[in-house]
Amino acid sequence: MTSNTSAQINPLWKKERGFLERFLFGRRMLVMVLFLVITVVLGYQMIQLRPEASFLRMIPTYHPFIQNYLKHQHDLKGLGNIVRIAVETTREDIFSAAYLQTLQEMNDEIFFIPGVDRAGLKSLWTPQTRWTEVTAEGFEGGPVIPDTYNGSPKSLEQVQRNVMRSGEIGSLVANDFKSSIILAPLMDIDPETGQALDYRKFSAHLERVRNKFQSDAIQIHITGFAKIVGDLIDGSTRVLLFFVIAFVILLLLLLYNSRCWRSTLVRAFSSLVAVIWQMGLLRALGYGLNPYSMLVPFLMFALGVSHGIQMFNAMAHEMTGGADRFTAARRGFRMIYRPGMAALLTDAIGFALLFVIRIGVIQDIAVGATVGVVVVAFTDLMFLPVLMSCSGINPKAIERLANREKGTSHPLWGRLANLTRTRWAAAALVTTALAFCWGVYMRDGLQIGDLDPGAPELRKDSRYNRDNAYMNRHYATSSDIFVVMLQTPKAGNSRYQAVVAAERFKRALGQLKGVQGVITYVDQLKLLNAAFNEGNLKWMAIPRSKIALDNMVIKISTDLTSHTGEMSPLLVYLTDHKAETLQRVVDAAEAFAAENNTESFQFLLAAGNAGIEAATNIEVEKAQTLMVVLVYAVIFLVCLLAYHSVRGALCVVIPLFLTSILCEALMARYGIGVKVATLPVIVVGVGIGVDYGIYIFNRLRHYLELGYELRDAYYQTLNTTGRAVSFTGITLSIGVGSWLFSPIKFQADTGVLLAFMFLWNMVGAMVILPALARFLLRPTAFGRVQRKRDCLEPDFRDGKRQDGKIAAAG
């Protein structure tokens, strides 16, 4: 078919060229220089981009739980953003001069690490770690390690006796006396610099301390939010390695498909320019890269590759018709610009909707992805066509493409085209309905939040999770703490009604499955009451006397009540922070608060790492439903505006929705919870997947407008756009599928989800969409006269070519 014939068939070439096309192809050198200058400027900005993380940006700060925590955080010592460092001896026990000397030196090192709240630092060597004893003469007490300690056997014996009397066994000292903990509360803002805490540097400080003191005799275990983030940031080099692997895989597959180095490198360069622009703009806007948004640049590269394949496909088919590279690039631009802009507009709005979730890290992903999509609109829909008009496509590649399609049928396309026949379409839709029902059934097991102990973002055998497992095995108090705050008027925590309510709270929550134990200030009140009565255990109860309660409350540790007596934390130690455990505790605590809150005292939820995570899970659960509704509403609306057809919009949206249901079923099957790390991935997968349906439907509508019958129109769609869509889906799935082998479990989970969504969105667009079109679309609605059957592409039934020749359309 000659270029003239192509022009005769396709009325697009007769349309008046728009301003953008005239500008891009009329001033190619100016356009390329302009794009390259912007790339250099934004590349300089990108170089200055640094990994960052913030504790407050990882949590929903507007949630009532978090508001309560922030209001009282100064009185919640060691119950917010905290690092626990267990110093283990491999010798007999901790009561040796060598061990205590090492512990003291480590305590001093950690004290001076920037970001540590020095006033709240706690270990056996800090003065707030005290012992108390009732004697015949009254109360005695003092620091666990007294000022007179000198490392002698007598001093060591005194320290051991003090530890036994301190009440810290199981919390600060291991049950087997083989280790003790240094608790280091952190400040999000460094008061010396006024800058946010740099978790990468902080984690590096901790590792230097570990390397300095760890030996055959001493083993060090570190847990806490800061260490998780630090490990994720440190693992960014390994994340980058897998990005490079995925990039190489995509490059090789692009080369294999096109057999043209020039077009492959040009498309890869255009996609890399998109990443440079995106990251440079983020730096210019004051954003950084947190451990979760690190995946966004590669996703934008994948999006660029997807649209680049469409451009190559459109241009290659024009060149097989005899057009020169300039004309072919211009026609290819005209062919993909509108559907490409519709797809990218849908992507951009969908990603921007993530901003409605008021969790800082998700909003960062929303900004990064939205900026990336806008950038791809410039680089792949404007810059790439101009580049390809200069580079062209290897003539051998064009000849190979022409020979592949000349006079032969494609058996797969023929079979897929049969999906537009009533019988096959009905079978496909019945299968789709069964898959939907199976997905709905399986997704019932989908949970919100973490489903594994430790840090699910890391592998089970990672150093952090091994350290966390050690602490859970050797300490009675776990690292998962859910804190309920008993708020009273000033000095109101000594009122009998409040004390009794706190004791009842302990009994109510202590019986829950997943609760390891509950500690409240009432425990110390009861001990003090017995102590005031000659240590008689019969008096270990709550006194009714207001005077007695007032006298005892002032002796309670400030870890369990504030100085003013207005807030007393009730500590609920959990066996894990799995979603079901947190939900069970939240439900019980809220029910207790609703029944027992009065004007004089209230039970406020929640602090502690488990309380903060529970609040995050609640918001993620709300956001999940909201995002599904908003994203699909936007996709449907954009398709409706683009095609002026409700039925056409349904053809695009329904396959996407099935993929989302199946993705959630996959998450439930493999134990991947919906959380801050995975919710954006689901939205991003839908956003990129909608491109397949839009390109397929746009091309199908084009052939229907020319008068083709539905089956023949879909065969032609598959023979052109369908090739690009299938190659894109398989290529991107293979690329992100390589992340499965990443040492960072978060990246591996993301790779599994994205590979599934890329692949199944492609399958949905090529299998379900034509079946829906059989029942929803009416070719006459496109306002074109039906073309006669003998003027069509040969009819392929069951993959076999029927008699007849292709007739030129005129």
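Presented here is an overview of the structure given in this document. Here the residue numbers are simple positions, counted from 1 along each chain's written sequence. Since the coordinates come from a predicted model, pLDDT governs what is reported: local features require at least 70, and pairs of side-chain atoms require 80 or more to be given and counted, while whole-chain, interface and lining totals use all residues. Based on all heavy atoms of the structure, the side-chain values leave hydrogens and waters out of the count.

Concerning the overall build of the protein
Here is step 1: Helix numbers and strand numbers start at the N terminus; a helix is a DSSP run of H or I with at least 4 residues, a strand a run of E with at least 2. Helices and strands together make up the secondary structure of the protein, namely 26 helices and eleven strands.
Here is step 2: C-alpha atoms of the protein, sized along the principal axes, occupy 115 × 50 × 45 Å.
Here is step 3: To sort residues, take the accessible area from a 1.4 Å probe on protein chains only and compare it with the maximum for the residue type: under 20% means buried, over 50% means exposed, and anything in between is partly exposed. Within the span of the protein, comprising 810 residues, buried residues form 57% of the whole.
Here is step 4: Note on definitions: a residue-residue contact is assigned when non-hydrogen atoms from the two residues lie within 4.5 Å. Of the contacts made within the protein by residues no fewer than 6 positions apart, 79% connect residues no fewer than 24 positions apart.
Here is step 5: Only the protein chains shown count as cover for residues, and the accessible areas themselves come from Shrake-Rupley with a 1.4 Å probe. Approximately 34,000 Å² of the protein is accessible, and the part contributed by carbon and sulfur atoms is 58%.
Here is step 6: The charge count includes Lys and Arg as positive and Asp and Glu as negative, but it does not include His or the ends of the chains. Charged side chains are reduced to one point each, which is NZ for Lys, CZ for Arg, CG for Asp and CD for Glu. Treating the 81 positive side-chain charges of the protein as one cloud and the 66 negative ones as another, the clouds have centres 12 Å apart.

A few points about the sheet that holds strand β9 (residues 602-607)
Here is step 1: Paired strands, as defined in this entry, are two strands with at least two bridges between them according to DSSP. Strand order in the open sheet formed by four strands is β7-β8-β6-β9, with antiparallel pairing between adjacent strands. Each edge of the open sheet is held by one strand with a lone partner, namely β7 (515-519) and β9. Put simply, the sheet's adjacent strands are angled 25° from each other on average, direction ignored.
Here is step 2: Here strand β6 (residues 481-487) pairs with strand β8 (residues 567-574) via seven bridges, running antiparallel. Each residue of the ladder has a partner; that of V483, found in β8, is L571. Between N-to-C directions, angles span 0 to 180 degrees; the directions come from axes that are lines fitted to C-alpha atoms, helices contributing only their stretch in contact.

Comments concerning empty space enclosed by the protein
Here is step 1: Using a grid of 1 Å spacing that covers the protein atoms alone, one calls a set of points a cavity when a 1.4 Å probe fits there but cannot get out, and a pocket when the set is open and has protein on both sides within 12 Å along at least five of seven lines; lining residues are those with an atom within 4 Å of a point. Grid points are joined across faces, edges and corners, and a volume is the space filled by probe spheres set on the points. Applying the stated criterion across every chain, the model contains eight cavities of 30 Å³ or more.
Here is step 2: Put simply, the largest cavity is a space of about 80 Å³.
Here is step 3: Surrounding the largest cavity, Q624, M627, V628, V631, Y632, S660, E664, L679, I682, V683 and V686 form its lining.
Here is step 4: Three residue categories are used. Nonpolar comprises Ala, Val, Leu, Ile, Met, Phe, Trp, Tyr, Cys and Pro, charged comprises Asp, Glu, Lys and Arg, and polar comprises the others, including Gly. Its residues assigned to classes, the lining of the largest cavity shows eight nonpolar, two polar and one charged.

Points about the packing of aromatic side chains
Here is step 1: Side-chain rings of Phe, Tyr and Trp (the six-membered ring for Trp) are treated as a pair once their centres are within 6.5 Å; stacked means planes under 30 degrees apart, edge-to-face means over 60, and tilted covers the remaining angles. For the structure on display, the rule yields 18 aromatic pairs.
Here is step 2: Ring geometry for Y199 and F225: centres 5.5 Å apart, planes at 90°, overall edge-to-face. Of this pair, Y199 sits in helix α7 (residues 199-213) while F225 is found in helix α8 (residues 225-234), placing the two residues 26 residues apart along the sequence. Each of the two residues, Y199 as well as F225, counts as buried.
Here is step 3: Geometrically, the ring pair formed by F601 and F603 is edge-to-face, given 6.1 Å between the ring centres and 90° between the ring planes.
Here is step 4: An aromatic cluster is defined as three or more aromatic residues linked by ring pairs; in this entry it consists of F25, F326, F333 and Y337.
Here is step 5: Here, a charge over a ring is recorded when the distance from Lys NZ or Arg CZ to the ring centre is within 6 Å and its angle to the ring normal is within 35 degrees. Taking NZ or CZ as reference, R118 lies 5.5 Å from the ring centre of F111, over its face.
Here is step 6: A cation sits over an aromatic face here: R358 above Y62, 3.7 Å from the ring centre.

Notes on the sheet that holds strand β5 (residues 218-224)
To summarise the sheet geometry, strands pair through backbone hydrogen bonds and adopt either a parallel or an antiparallel arrangement.
Here is step 1: Strands sit in the order β4-β1-β5 across an open sheet of three strands; the sheet is antiparallel. With partners counted over all chains shown, the strands left at the sheet margins are β4 (179-185) and β5, one partner each. Strand-to-strand twist across the sheet, computed as the mean angle between neighbouring axes with direction ignored, equals 20°.
Here is step 2: As judged from the seven bridges shared by strand β1 (residues 82-89) and β5, these two strands associate in the antiparallel manner. Looking at β5, one finds that V87 is bridged to I220.
Here is step 3: Across the sheet, α7 lies against β1 and β5, angled at about 165° from β5, the strand it touches most.
Here is step 4: Docked against the sheet, helix α17 (residues 463-474) engages β1, β4 and β5, running at close to 100° with respect to β5.

A closer look at unusual backbone geometry
Here is step 1: In the segment running from L605 into A606, the intervening peptide bond is cis, with an omega of -10°.
Here is step 2: When you line up the elements, A606 lands in strand β9.
Here is step 3: If you check the backbone angles, F177 has positive phi at about 60° while not being a glycine.
Here is step 4: Summarising the element assignment, F177 is placed in the loop between α6 (153-166) and β4.

A closer look at the pairing of β4
Here is step 1: β4 sits mainly inside the fold: six of its seven residues count as buried.
Here is step 2: Relative to β4, β1 is paired through seven bridges, and the arrangement is antiparallel. When the bridges of β4 are listed, I82 appears paired with P185.

Things to note about the environment of S123
Here is step 1: As for its placement among the helices and strands, S123 is situated in the loop between α5 (97-111) and β2 (130-135).
Here is step 2: Relative accessible area serves as the criterion here: at 0%, S123 is assigned to the buried category.
Here is step 3: Leave out the neighbours within four places in its chain, and S123 touches N107, T129, L172, I181 and I182.

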